[in-house]
Amino acid sequence: MDEQPDYRPRSDAEPTVTTDCVPIWIVVLALVLLFLGAYYFDLRSGWFDTRIYSPYRTPDQLATYQPQSGAAALAARGRTVYESVCGLCHGSDGLGKPGQVPPLAGSDWVAKDMVSLARVPLAGLNGPIKVSGKDWNLAMAPMGAGLSDTELAAVLTYIRTSWGNQSGACDESDMKSVRAAVNGNGPSAVDLAKMSPPDRGHIVFKKYGCFQCHGPDGKGGVSNFNAKTAEQVPSLIYVADGYNKAELLAFISRGERVIPRKNPNGPEPPHFMPKWGGIVTTNELSDLADFLFSLKPKGDKLDF
Ligand code: HEC
Ligand code: HEC
């Protein structure tokens, strides 16, 4: 029989290291703790707010799924419209931008009767105006002309009940009558279909108030302090020379938020080119481009 090795430390030997297995219970405990930790974290995916469970992450996100009724539902819908159409200029906080866009928060315009208020997004607004005692002299195109009556009522309800504003909700039926008053006896869909694209585009040009900045029929813009383009919003009669149709549609859809300055150290020019994508429909845009191309004066060839 072999003799067993003697592992007992001898008093004169160096201490030695021998291998051994990790006890199984530590492995099991670690796995259980890991599982419990993951479970706990998953339950509190809304950053430890116990009201929010996966897949929701924030109280705001959850609120958009709550069934709502009446003015609250309308305002919730209006918020979406606001963010996509008005917020770019008036700001998510409703405070506008100094020198470029007046505020809606605390504005006496927002508190006006429904008809006067609805005229602003439907017909546009040209200064000079006073907003809560302060003077402004700018132009807002009819940025809401492409919205449905429901969307319009929703967005106006939202601005009347947000940021501390406390006016009543808007009614869809009011929007119908204001729209009829603003549009007057505009051509019917049937008449529009019979017109040539440039003529239809001319109507689109008026509908969205392009003339408010670019002048009647695009023939000369309003003044735009410190803008590189001769301190004026440019006239549009020569766009045919600078753009092909695809480029023109892309530019109008995108707009130009920051206008190059004549004096780089001077103030930002007050007027900028709004972003029309999502407001003017695709068909309207195409007609609009045909109209702008038709503006180029005939016989204007430089062959002398
Ligand atoms: C491209 C920028 C722009 C967009 C987009 C825009 N506005 Fe305006 N808005 C203005 C400017 C500029 C004025 C000031 C016009 C003036 O001086 O006559 C104004 C004025 C107003 C006013 C009256 C003044 C005030 O501050 O209360 C209201 C109300 C208003 N806008 C509502 C809206 C609503 C609703 C929308 C969205 C449907 C909207 N605006 C989208 C630029 C914009
Ligand atoms: C609030 C004022 C304002 C309104 C409303 C407005 N624009 Fe403009 N637009 C401008 C300014 C400012 C520029 C100059 C941009 C630049 O200098 O980069 C411009 C530039 C343009 C240009 C480019 C011109 C060029 O020579 O390159 C086109 C095209 C144009 N706008 C079309 C339109 C159409 C179409 C509408 C209506 C749907 C419209 N604009 C409404 C302010 C406006």
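Residues numbered from 1 in each chain as written. Chains lettered and ligands numbered in written order. Predicted model: local features only at pLDDT ≥ 70, side-chain atom pairs only at ≥ 80, totals over all residues.

A. Examining the confidence of the model for the chain more closely. Summary statistics for the chain give a mean pLDDT of 87 and a share of 92% for residues scoring 70 or more. Mean pLDDT values for the elements of the chain range from 74 in helix H2 (residues 59-63) up to 96 in helix H11 (residues 245-254). (pLDDT = per-residue confidence, 0-100. Helix = DSSP H or I, 4+ residues; strand = E, 2+ residues; numbered from the N terminus.)

B. Layout of the packing of helix H8 (residues 197-207) against helix H12 (residues 282-294). Interaxial distance between H8 and H12 falls to 7 Å at its minimum, and their mutual angle equals 105°. What the angle tells us is that H8 and H12 run roughly perpendicular. Within the contact between the two elements, H8 uses Pro197, Pro198, Arg200, Gly201, His202, Val204 and Phe205 and H12 uses Glu284, Asp287, Leu288, Asp290, Phe291 and Ser294. Looking at the contact of H8 with H12 residue by residue, the class counts come to six nonpolar, three polar and four charged. (Axes fitted to C-alpha atoms, helices over the stretch in contact; angles between N-to-C directions. Parallel < 35°, antiparallel > 145°, perpendicular 65-115°, else oblique. Contact = placed C-beta atoms within 7 Å. Nonpolar A, V, L, I, M, F, W, Y, C, P; charged D, E, K, R; others polar.)

C. Representation of unusual backbone geometry. The omega angle of the peptide bond from glycine 127 to proline 128 is 0°, so this bond is cis rather than trans. Relative to the elements of secondary structure, proline 128 occurs in the loop between strand S1 (125-126) and strand S2 (129-131). For serine 132, which is not glycine, the phi dihedral falls at a positive 45°. Relative to the helices and strands, serine 132 is located in the loop between S2 and strand S3 (134-136). Classification of serine 132 by C-beta neighbours within 10 Å gives partly exposed; the count is 13. Although it is not a glycine, glutamate 231 sits at a positive phi angle of roughly 55°. Looking at the secondary structure, you find glutamate 231 in the loop between helix H9 (211-214) and helix H10 (239-242). (Buried ≥ 20, exposed ≤ 12 C-beta atoms within 10 Å, placed from the backbone.)

D. Main features of the site of ligand 1. Surveying the vicinity of ligand 1 reveals 30 residues, the closest of which are Cys86, Cys89, Ser107, Gly127 and Met140. Among the elements of the structure, helix H3 (70-90), helix H4 (114-123), S1, S2, strand S4 (139-140) and helix H5 (149-160) are those that each provide at least two residues to the shell around ligand 1. Looking at which element gives the most residues to the shell around ligand 1, the answer is H3, with five residues. (Near = placed C-beta within 6 Å.)

E. Structural detail: the site of ligand 2. Around ligand 2, the structure places 27 residues, and the nearest of them are Ala141, Cys210, Cys213, Glu256 and Met273. Elements with a contribution of two residues or more to the shell around ligand 2: H9, H10 and H11. Grouping the amino acids of the shell around ligand 2 by side-chain chemistry returns 19 nonpolar, seven polar and one charged.

F. Region of interest: the nonpolar core. Grouped together as the largest cluster of nonpolar side chains are 44 residues, with contacts concentrated most on Val155, Leu156 and Leu288. Listing elements by their share of this core, those giving two or more residues are H3, H4, H5, helix H6 (172-183), H8, H11 and H12. It is H5 that contributes the most residues to this core, seven residues altogether. Each of domain 2 (69-183) and domain 3 (189-294) gives at least three residues to this core. Filtering out sequence-adjacent residues up to four positions away, leucine 288 remains in contact with Gly201, Val204, Phe205, Ile252 and Val280. (Core = buried A, V, L, I, M, F, W, Y, C linked by C-beta atoms within 7 Å. Domains from an automatic or database assignment.)

G. Seen up close, the environment of lysine 275. Residue placement: lysine 275 occurs in the loop between H11 and H12. Lysine 275 has contacts with Leu88, Arg254 and Gly255, leaving out every residue within four places of it along the chain.

H. Seen up close, the domain arrangement of the chain. Here the chain is described as being made up of domain 1 (24-62), domain 2 (69-183) and domain 3 (189-294). Computed from C-alpha coordinates alone, the two centres of domain 2 and domain 3 are separated by 23 Å. In terms of residues, the side of domain 2 that touches domain 3 owes the most to one element, H3, which gives three residues. Among the residues making up the side of domain 2 that touches domain 3, the classes are represented as eight nonpolar, six polar and no charged.

I. Layout of the packing of H5 against H6. Two numbers describe how H5 lies on H6: the axes approach to 8 Å, and their chain directions differ by 110°. In terms of their interaxial angle, H5 and H6 are classed as roughly perpendicular. Handedness of the crossing formed by H5 with H6: right-handed. Touching Asp149, Thr150, Leu152 and Ala153 of H5 are Glu172, Met175, Lys176 and Arg179, all from H6. Split into classes, the residues belonging to the contact of H5 with H6 amount to three nonpolar, one polar and four charged. (Left-handed = near helix turned anticlockwise from the far one by under 90°.)

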